[in-house]
Amino acid sequence: MDEEKVRILVIEDEKPIAKILEYDLKKEGYEVRLAHTGADGMREVDAFEPHLILLDWMLPDLSGADILKILAERYDMPVIMLTARGNIDDKVYGLSCGADDYITKPFELREVNIRIRTVLRRFRKAGNPSEAKEKKEELYIKDAVICAQERTVLQCGEPVELTPKEFDLLCWLVRHPRYVFTRDRLLDEIWGYDFVGDTRTVDMHIQRLRKKLHAGETIITVFGVGYKYVPEE
């Protein structure tokens, strides 16, 4: 991402908003493409290979949640939601579906640019080659093997599908066995200090990890504090 122009795909059905974003982002030096439906957006994902997606929550064909699920299954790229739905439950739901950040309409273009830079920086840091030695290390939880470099999880030889945030949260806990992390600390480490949302996002991700990995006895709730990973003896 450092050696080429950053590509941003804007999936937004309100064309005036999309054009304003396109103009401002190009002025910031990004390469930009627009899509006004979910179907067109998914085609552009394959053709354009964006580094980041700005995704409207309400589209005429697919919902933002539907698109996030597809993206989480097939790709590994950050997504920032754009939506007029600003209450905390909507934010938590969008982030729990796999969004990396959430911007409520109407928004300031300066805020959009700051959030884009922050998300790209987090994503770039996660893939920094200087961490390759650590990433090649295999991590284990129960009968599952985690390969951080390939961002894959195999349980009894079968792949386990995790969203990017689920994967990051799992790796963080497994790399720090028996250490108790508060929900706020996990939000800072996995979602970033500028995260907009509340601690229920962590709870939802923990619940899904336990279910997908059958890890209710190893990813432990410390009541009144947070969560920890306890390896099996």
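### Focus on the confidence of the model for the protein
Line of reasoning, step 1. Across the protein, the average pLDDT comes to 85, with 88% of residues at 70 or higher.
Line of reasoning, step 2. With pLDDT under 50 throughout, residues 128-135 is counted as low confidence; its partners more than four residues away or in other chains account for 10 contacts.

### Things to note about the sheet that holds strand S9 (residues 158-159)
Note on sheets: strands pair through backbone hydrogen bonds, and any given pair is parallel or antiparallel.
Line of reasoning, step 1. A sheet is described by the order of its strands in space; here 4 strands give the open sequence S6-S7-S8-S9, paired in antiparallel fashion. Bordering the open sheet on either side are strand S6 (138-141) and S9, each of which pairs with just one other strand.
Line of reasoning, step 2. Across 2 bridges, the pairing between strand S8 (residues 152-155) and S9 is antiparallel. For Gln-155, the partnering residue across the bridge sits in S9 and is Glu-158.
Line of reasoning, step 3. This element, helix H7 (residues 164-175), spans S6, strand S7 (144-147) and S8 of the sheet and lies at about 85° to S6.

### Comments concerning the packing of aromatic side chains
Line of reasoning, step 1. Per the stated rule, a full pass over the model turns up 2 aromatic pairs.
Line of reasoning, step 2. On the numbers, 4.6 Å between centres and 45° between planes, the contact of Tyr-179 with Phe-181 is tilted.
Line of reasoning, step 3. Look at Tyr-179 and you get partly exposed, because its relative accessible area is 46%.
Line of reasoning, step 4. A relative accessible area of 2% means that Phe-181 is categorised as buried.
Line of reasoning, step 5. Three or more aromatic residues link up through ring pairs in this structure, and these residues are Trp-172, Tyr-179 and Phe-181.

### Focus: H7
Line of reasoning, step 1. When the terminal C-alpha atoms of H7 are compared, their 17 Å separation across 12 residues agrees well with the 16 Å that a helix rising 1.5 Å per residue should span.
Line of reasoning, step 2. Across the 12 residues that make up H7, a large majority, 10, are buried.
Line of reasoning, step 3. Every buried residue belonging to H7 is among Pro-164, Lys-165, Glu-166, Phe-167, Leu-169, Leu-170, Cys-171, Trp-172, Leu-173 and Val-174, and all of these are buried.

### Some details on the environment of Cys-156
Line of reasoning, step 1. In this structure, Cys-156 sits in the loop between S8 and S9.
Line of reasoning, step 2. Counting along the chain gives 13 residues from Cys-156 to Asp-143, while the straight-line C-alpha distance between them is 6.0 Å.

### Here we look at the packing of H7 against helix H9 (residues 200-213)
Line of reasoning, step 1. For the pair H7 and H9, the least separation of the axes is 10 Å and the interaxial angle reads 80°. In this view, H7 runs roughly perpendicular relative to H9, as classed from their interaxial angle. Note on element contacts: H9 touches H7 through His-205, Ile-206, Arg-208, Leu-209, Lys-212 and Leu-213, opposite Lys-165, Glu-166, Leu-169, Leu-170 and Leu-173.

### Some points on the nonpolar core
Line of reasoning, step 1. Counting 27 residues, the largest nonpolar core has Ile-141, Ile-146, Val-153, Leu-170 and Leu-213 as its most contacted members.
Line of reasoning, step 2. Listing elements by their share of this core, those giving two or more residues are S6, S7, H7, helix H8 (183-191), H9 and strand S12 (226-229).
Line of reasoning, step 3. When residues of this core are assigned to their parent elements, the largest contribution, 7 residues, is made by H7.
Line of reasoning, step 4. Beyond its immediate chain neighbours, meaning those up to four positions away, Leu-213 contacts Ile-141, Lys-142, Ala-144, Val-153, Gln-155, Val-160 and Leu-170.
Line of reasoning, step 5. Core analysis: the next-biggest nonpolar cluster, separate from the first, contains 21 residues, Ala-35, Leu-55, Leu-71 and Met-77 among them.

### Considering the packing of H8 against H9
Line of reasoning, step 1. In contact at an axis separation of 9 Å, H8 and H9 are set at 80° when each is read in the N-to-C sense. Our classification of the angle between H8 and H9 gives roughly perpendicular. Contacts from Arg-183, Leu-186, Leu-187 and Trp-191 of H8 reach H9 at Thr-201, Val-202, Asp-203 and His-205.
Line of reasoning, step 2. Within the contact of H8 with H9, the residues separate by chemical class into 4 nonpolar, 2 polar and 2 charged.

Scoring rules and cut-offs
- Residues numbered from 1 in each chain as written.
- Predicted model: local features only at pLDDT ≥ 70, side-chain atom pairs only at ≥ 80, totals over all residues.
- Heavy atoms only, no water.
- pLDDT = per-residue confidence, 0-100.
- Contact = heavy atoms within 4.5 Å.
- Pairing = 2+ DSSP bridges.
- Helix = DSSP H or I, 4+ residues; strand = E, 2+ residues; numbered from the N terminus.
- Axes fitted to C-alpha atoms, helices over the stretch in contact; angles between N-to-C directions.
- Phe/Tyr/Trp six-rings, centres within 6.5 Å; stacked < 30°, edge-to-face > 60°.
- Buried < 20%, exposed > 50% of the residue type's maximum accessible area, 1.4 Å probe, protein only.
- Expected span 1.5 Å × (residues − 1).
- Parallel < 35°, antiparallel > 145°, perpendicular 65-115°, else oblique.
- Core = buried A, V, L, I, M, F, W, Y, C linked by side-chain atoms within 4.5 Å.
- Nonpolar A, V, L, I, M, F, W, Y, C, P; charged D, E, K, R; others polar.

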